[in-house]
Amino acid sequence: MIILVGYVSIEGQSKKIAETIAAQIEKGGDRAVLFNVVTGAEYGVDHPEAVILCAPIHAGRYPAPFVDFVERERDWLKSVPSAFVSVSLFIRSEFAEEREEAMHFPDALMAQTGWTPGMVHHAAGALRYTEYDFFKRWMAKRLAEREGAPTDVKQIHEFTDWPALEGFTKQFLAAAKA
Ligand SMILES: Cc1cc2nc3c(=O)[nH]c(=O)nc-3n(C[C@H](O)[C@H](O)[C@H](O)COP(=O)(O)O)c2cc1C
């Protein structure tokens, strides 16, 4: 089976997540077409039979080019088994309201684009303080203070639950082939 693994990533974590999914797909004997939805070239030539899209939340929303891509490709996305991985920090917040908010981030995307993925996975992202510029570091630290995440700006903090992601991918592949 050929599976498109499309992603958009501002700081690199969603890319890492997409790469991990693609590697797992290939390891299992299927073919993964890794695709950056912002910069990627034509993917139609590969005729993917299923799709997994990954996108991060920044300042309460998914990046506009990602939303544009989903809108543009809605008909095709609806025609194959599809899944969405929503990457955020709120999903690992110590506060229930923020975790709840994160659970609903995909709702706005679905309402706006008309795409309803068959499966949705929520992955906690990362705080790459050492790679941010001054302003972004300040914003990220404020976000972390607000929700009980680490604030040591001399380190990269990664919160993604890799075994949970692997389980999700396995489940999606089984469903897509059924
Ligand atoms: C400037 C900035 C704003 C962010 N805003 C939010 C937010 O509103 N809600 C949230 O849950 N996570 C937020 N995050 C956390 C990101 O979703 C997390 O860092 C994720 O790993 C980013 O994915 P990427 O590396 O693929 O861009 C923010 C991160 C940064 C750096």
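This one's a predicted model, so the numbers in the text were calculated from it and none came from an experiment.

The rules behind each value
Residues numbered from 1 in each chain as written. Predicted model: local features only at pLDDT ≥ 70, side-chain atom pairs only at ≥ 80, totals over all residues. Heavy atoms only, no water. Helix = DSSP H or I, 4+ residues; strand = E, 2+ residues; numbered from the N terminus. Buried < 20%, exposed > 50% of the residue type's maximum accessible area, 1.4 Å probe, protein only. Contact = heavy atoms within 4.5 Å. Phe/Tyr/Trp six-rings, centres within 6.5 Å; stacked < 30°, edge-to-face > 60°. Lys NZ or Arg CZ within 6 Å of the ring centre and 35° of its normal. Near = heavy atom within 4 Å. Polar contact = N/O pair within 3.5 Å; in protein donor to acceptor, adjacent residues only side chain to side chain. Areas by Shrake-Rupley, 256 points an atom, 1.4 Å probe, with all protein chains shown as cover. 1 Å grid on protein atoms, 1.4 Å probe; cavity = no way out; pocket = protein on both sides within 12 Å on 5 of 7 lines; lining within 4 Å. Sits in = over half its atoms within 2 Å of the grid points. Nonpolar A, V, L, I, M, F, W, Y, C, P; charged D, E, K, R; others polar. Pairing = 2+ DSSP bridges.

**Focus: the environment of histidine 157**
Counting through the fold element by element, histidine 157 comes out in strand E7 (residues 156-158). When its relative accessible area of 12% is taken as the criterion, histidine 157 is described as buried. Taking the C-alpha atoms as reference points, histidine 157 and tyrosine 129, separated by 28 residues in sequence, lie 8.0 Å from one another. Ignoring anything within four residues of it in the chain, the contact list for histidine 157 reads Ala126, Leu127, Tyr129, Pro150 and Asp152.

**A few points about the packing of aromatic side chains**
Using the criterion set out here, one finds eight aromatic pairs in the structure. Judged by centre distance (6.0 Å) and plane angle (70°), the ring pair of phenylalanine 84 and tryptophan 115 falls under edge-to-face. Placement of phenylalanine 84 in strand E4 (residues 82-88) and of tryptophan 115 in the loop between helix H4 (96-113) and strand E5 (119-124) is noted, with a sequence separation of 31 residues between them. Tryptophan 115 shares its class with phenylalanine 84; the two are buried. Between the aromatic rings of tyrosine 129 and tyrosine 132, the centroid separation amounts to 6.3 Å while the plane-to-plane angle is 75°, which identifies the pairing as edge-to-face. Exposure remark for tyrosine 132: the relative accessible area of 8% places this residue in the buried category. Every member of this aromatic cluster is reached through a ring pair, and the members are Tyr62, Phe66, Phe84 and Trp115. Directly above the ring of phenylalanine 159 sits arginine 92, whose terminal nitrogen or CZ lies 4.4 Å from the centroid.

**Observations regarding the site of the ligand**
In the vicinity of the ligand lie 22 residues, with Ser9, Glu11, Ser14, Ile57 and Ala126 positioned nearest. The separation between an oxygen atom of the ligand and a polar side-chain atom of histidine 58 is 2.8 Å. Here the ligand, which alone exposes 630 Å², has 96% of that area covered by the protein. Of the pockets mapped on this structure, the ligand occupies the largest pocket. Of all the secondary structure elements, the ones that give two or more residues to the shell around the ligand are helix H1 (13-27), E4 and helix H5 (134-147). Ranked by residue count, the leading element in the shell around the ligand is H5, at three residues. In the shell around the ligand, the residues fall into 12 nonpolar, eight polar and two charged.

**A closer look at the environment of alanine 175**
Position of alanine 175 relative to the elements: it lies in helix H6 (residues 162-177). In this structure the C-alpha to C-alpha distance between alanine 175 and serine 82, which are 93 residues apart in sequence, comes to 9.9 Å.

**A closer look at the pairing of strand E3 (residues 50-56)**
Of all seven residues in E3, seven are buried, a share of seventy percent or more. Side chains Ala50, Ile52, Cys54 and Pro56 project from E3 onto one buried face, and the interleaved Val51, Leu53 and Ala55 project onto a second face that is buried too. In this structure, strand E1 (residues 2-7) lies alongside E3, joined through five bridges in parallel fashion. Across the sheet, residue valine 5 finds its bridge partner in E3, namely isoleucine 52. In this sheet, E4 lies alongside E3 in parallel orientation, the contact comprising six bridges. Bridge assignment links isoleucine 52 to a residue of E4, and that residue is alanine 83.

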